[in-house]
Amino acid sequence: MSFTTRGFSGRRRQPETRLPPGQTLVEKWPVLSAGPTPVVDTADWELTIQDETGTDHRWNWDELIALGVEDITVDIHCVTHWSKLGMAWRGVSLDKLFEHVGSRHQYVMAHSHGGYTTNLPLEDLLGGKAWIAIEAEGRPLHPEHGGPARLLVPHLYFWKSAKWIRGLTMMPGNDPGFWERYGYHIHGDPWQEQRYR
Ligand SMILES: Nc1nc2c(c(=O)[nH]1)N[C@H]1C(S)=C(S)[C@@H](COP(=O)(O)O)O[C@H]1N2
Ligand SMILES: [Mo]
């Protein structure tokens, strides 16, 4: 399956209008990590979604891939003002994972190897808007960019796309994650310039 995600307008924006306010285009892909790059092997990789009852839903690497991998082309926008347009990614839609998880809780904390966290409303992860990404630009995701697997939520600032993802925990409220506690915006929509609070 191969398709290009569309903006919420339902129409692909032209390059000059695909840049959110205050952003600058980059060609090279910067690395931004708050700590060292953890070593994560697909052989013992696992993703856990903890539902509101505390029950863990688990997928190993092969089980993740078996859910179905999509090719997507998206733009990414970092709060530090760089944007990279038309990036080719491969990943598993969060819709596929949440088909197996019932939750009345409407917020999610993403947890990474190394301790990074970021919070998101569940609705920002569903509806073809978010993936567990395993490849970028035709190659397995480089460890510096979150390989073997990272969250990819391109419609929000890129700090929401947790690298080295290991789990999602359902939450009743929108508790702040790592950068959000340091004053980054609780939601992070680049089109609204939701950078800091
Ligand atoms: N685990 C983890 N995920 C993370 C980060 C991090 O430090 N640790 N940095 C975030 C920030 S601020 C950005 S801009 C992007 C950078 O991703 P990149 O290094 O692949 O460009 O990852 C986000 N995800
Ligand atoms: Mo960032």
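Residues numbered from 1 in each chain as written. Chains lettered and ligands numbered in written order. Predicted model: local features only at pLDDT ≥ 70, side-chain atom pairs only at ≥ 80, totals over all residues. Heavy atoms only, no water.

Draft legend 1. Representation of the overall build of the chain. Along the chain, the regular secondary structure elements total 3 helices and 11 strands. Ordered by position in the sequence, the α and β elements of the chain form the string β-β-β-α-β-β-α-β-β-β-β-β-β-α. Relative to the compact-globule value of 16 Å for 197 residues, the chain shows a C-alpha radius of gyration of 16 Å, a close match. For the C-alpha atoms alone, the extent of the chain along its principal axes is close to 45 × 35 × 35 Å. Classification of the 197 residues of the chain by burial places 48% in the buried group. Considering only intrachain contacts with a sequence separation of at least 6, the fraction spanning at least 24 residues in the chain is 68%. Surface summary for the chain: the accessible area is close to 9600 Å², and the carbon and sulfur share equals 50%. When the 20 positive and 24 negative side-chain charges of the chain are each reduced to one mean point, those points stand 6 Å apart. (Helix = DSSP H or I, 4+ residues; strand = E, 2+ residues; numbered from the N terminus. Rg over C-alpha atoms; globule rule 2.2 N^0.38 Å. Buried < 20%, exposed > 50% of the residue type's maximum accessible area, 1.4 Å probe, protein only. Contact = heavy atoms within 4.5 Å. Areas by Shrake-Rupley, 256 points an atom, 1.4 Å probe, with all protein chains shown as cover. Lys, Arg positive; Asp, Glu negative; His and termini not counted. Charge placed at Lys NZ, Arg CZ, Asp CG, Glu CD.)

Draft legend 2. Main features of the pairing of strand E2 (residues 46–50). In this sheet, strand E3 (residues 56–60) lies alongside E2 in antiparallel orientation, the contact comprising 5 bridges. In the sheet register, Gln50 faces E3, and the bridge partner there is Asp56. Linking two consecutive strands that pair antiparallel, namely E2 and E3, is a turn of 5 residues; a positive phi of about 90° is found at Gly54 within it. (Pairing = 2+ DSSP bridges.)

Draft legend 3. Spatial organisation of the site of ligand 1. Neighbouring ligand 1 are 19 residues; Pro30, Ala34, His145, Arg150 and Lys163 lie closest to it. His145 places a polar side-chain atom, nitrogen or oxygen, 2.6 Å from an oxygen atom of ligand 1. Protein chains shield 97% of the accessible area of ligand 1, which is 540 Å² for the free molecule. When grouped by side-chain class, the residues that make up the shell around ligand 1 number 13 nonpolar, 4 polar and 2 charged. (Near = heavy atom within 4 Å. Polar contact = N/O pair within 3.5 Å; in protein donor to acceptor, adjacent residues only side chain to side chain. Nonpolar A, V, L, I, M, F, W, Y, C, P; charged D, E, K, R; others polar.)

Draft legend 4. Examining the UniProt feature "domain: Oxidoreductase molybdopterin-binding" (unreviewed entry) in the chain more closely. In the numbering adopted here, UniProt assigns the feature "domain: Oxidoreductase molybdopterin-binding" (unreviewed entry) to residues 35–179. In this annotation, residues 35–179 is assigned 9% helix and 41% strand; the end-to-end C-alpha distance for the span is 13 Å. (UniProt positions renumbered as here; feature names shortened; annotations may be inferred.)

Draft legend 5. Examining the pairing of strand E6 (residues 107–112) more closely. Across 5 bridges, E6 lies against strand E7 (residues 117–121) in antiparallel orientation. Paired with His111 across the bridge in E7 is Thr117. The turn linking E6 back onto E7 is made up of 4 residues, and Gly114 within it adopts a positive phi angle of 100°. Across 6 bridges, the pairing between E6 and strand E11 (residues 165–171) is antiparallel. Following the sheet pairing, Ala110 is matched in E11 by Leu168.

Draft legend 6. Representation of the pattern of salt bridges in the model. If you walk through the whole model with that rule in mind, you get 9 salt bridges. For Asp56, the salt bridge is made with Arg58, and the minimal N-O distance between the two is 3.3 Å. The exposure class of Asp56 is partly exposed, given its relative accessible area of 33%. When the shortest N-O distance is used, the salt bridge between Lys160 and Glu180 registers 2.7 Å. Residue Lys160 is found in the loop between strand E10 (150–152) and E11, and its partner Glu180 is found in helix H3 (residues 178–181); the two are separated by 20 residues along the sequence. (Salt bridge = Lys/Arg side-chain N within 4 Å of Asp/Glu carboxyl O.)

Draft legend 7. Focus on the sheet that holds E7. Ordered in space as E3-E2-E11-E6-E7, the 5 strands form an open sheet in which the pairing is mixed. Only two strands of the sheet have a single neighbouring strand rather than two, namely E3 and E7. Across the sheet, the axes of successive neighbouring strands diverge by a mean angle of 15°, strand direction being ignored. (Axes fitted to C-alpha atoms, helices over the stretch in contact; angles between N-to-C directions.)

Draft legend 8. Broad picture of the environment of Pro154. Assignment of secondary structure puts Pro154 in the loop between E10 and E11. On a C-alpha basis, the gap between Pro154 and Cys78 in space is 9.7 Å, while along the polypeptide they are 76 residues apart.

Draft legend 9. Broad picture of the environment of His113. On the secondary structure map, His113 appears in the loop between E6 and E7. Each C-alpha atom, one on His113 and one on Tyr184, is 21 Å from the other, the two residues being 71 residues apart in sequence. In this structure, His113 is in contact with Pro38, Val40, Trp164, Ile165 and Arg166, ignoring residues within four places of it in sequence.

Draft legend 10. Structural context of the nonpolar core. The biggest cluster of nonpolar side chains holds 36 residues, and the ones touching the most others in it are Leu94, Leu97, Ile132, Leu151 and Ile165. Once you skip the residues sitting within four places of it in the chain, Ile165 turns out to touch Trp45, Leu47, Ala110, His111, Ser112, His113, Ile132, Ala149, Arg150 and Leu151. Core analysis: the next-biggest nonpolar cluster, separate from the first, contains 14 residues, Val74, Ile76, Met87 and Leu152 among them. (Core = buried A, V, L, I, M, F, W, Y, C linked by side-chain atoms within 4.5 Å.)

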